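# Observations on the three-dimensional arrangement
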Amino acid sequence: MTLRAFLRDEDLFSEMPDDMLDTIIDRGSEISVPAGNTLVRQGQSGGGLHLLLHGTAVVDVDGRTVATLGPGDYFGEMSLLDKAPHSATVTSGPGGATTFVLSPMTFQGLLERSPHCERVMLKILTRRVRRLEEAARA
């Protein structure tokens, strides 16, 4: 599957106009890391937005594992939006991980260029908060 097709299938990018999706692909980059490497660290800033393309990643909050991510999952978007430090540490899983990354500068530029991009991000984050609220009630 091409990167474009992969991104088009993900909720974060599914509603993006084609020209914006092409810009995202042009300005992002793929990184591959071996098992156990830190992708973003809790309490630090600047890790960018990561979309997991291959492999797995482990999410730890205050040293406790809270989730395992797989292809299609993403992280780092909240820190980019509110400019606060990361709320979790994300480490590549046992088989390593490949992510598509948008740097903080690229992400901010996209939001400034496209009100549509901001609306999509707000919609996605609202969905994520609602899922967390449901899980907390269960």
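This section reports on the structure supplied with the text. (Residues numbered from 1 in each chain as written. Predicted model: local features only at pLDDT ≥ 70, side-chain atom pairs only at ≥ 80, totals over all residues. Heavy atoms only, no water.)

Once that is clear, we can look at the side chain of E10. Counting through the fold element by element, E10 comes out in the loop between α1 (3-9) and α2 (18-27). The exposure class assigned to E10 is buried, which follows from its relative accessible area of 14%. Among residues more than four places away in sequence, those in contact with E10 are L51 and G72. (Helix = DSSP H or I, 4+ residues; strand = E, 2+ residues; numbered from the N terminus. Buried < 20%, exposed > 50% of the residue type's maximum accessible area, 1.4 Å probe, protein only. Contact = heavy atoms within 4.5 Å.)

Here D62, not a glycine, exhibits a phi torsion of approximately 55°, which is positive. Following the sequence through the fold, D62 ends up in the loop between β3 (49-61) and β4 (64-69). Looking at D62, the relative accessible area reads 66%, which means it is exposed.

Moving on to α2. Restricting attention to buried positions, one finds in α2 the residues M20, L21, T23 and I24. Each buried residue of α2 sits inside an arc of 160° when the element is viewed along its axis, so together they form one side. Seen from the buried face of α2, the exposed residues on the opposite side, beyond 90 degrees, are D19 and D26. Along its buried surface, α2 packs onto α1, β6 (89-102) and α4 (104-113). (Arc of directions from axis to C-beta.)

Here the focus is the pairing of β3. In this sheet, β6 lies alongside β3 in antiparallel orientation, the contact comprising 10 bridges. By the bridge assignment for β6, L51 is matched with F100. Two elements, β3 and strand β5 (residues 74-75), share 2 bridges in a ladder whose sense is antiparallel. By the bridge assignment, L51 is partnered in β5 with Y74. Pairing of β3 with β4, which is carried by 5 bridges, proceeds in the antiparallel orientation. Within β4, the residue paired with V58 across the bridge is T68. (Pairing = 2+ DSSP bridges.)

Attention now moves to the pairing of β6. Of all the 14 residues making up β6, 12 are buried; the element is thus mostly covered by neighbouring parts of the structure. As judged from the 5 bridges shared by strand β1 (residues 29-33) and β6, these two strands associate in the antiparallel manner. Bridging across to β6, S29 finds its partner in V101. Looking at chain direction, strand β2 (residues 38-40) and β6 are connected through 2 bridges and run antiparallel. Bridging from a neighbouring strand, T38 pairs with T91 of β6.

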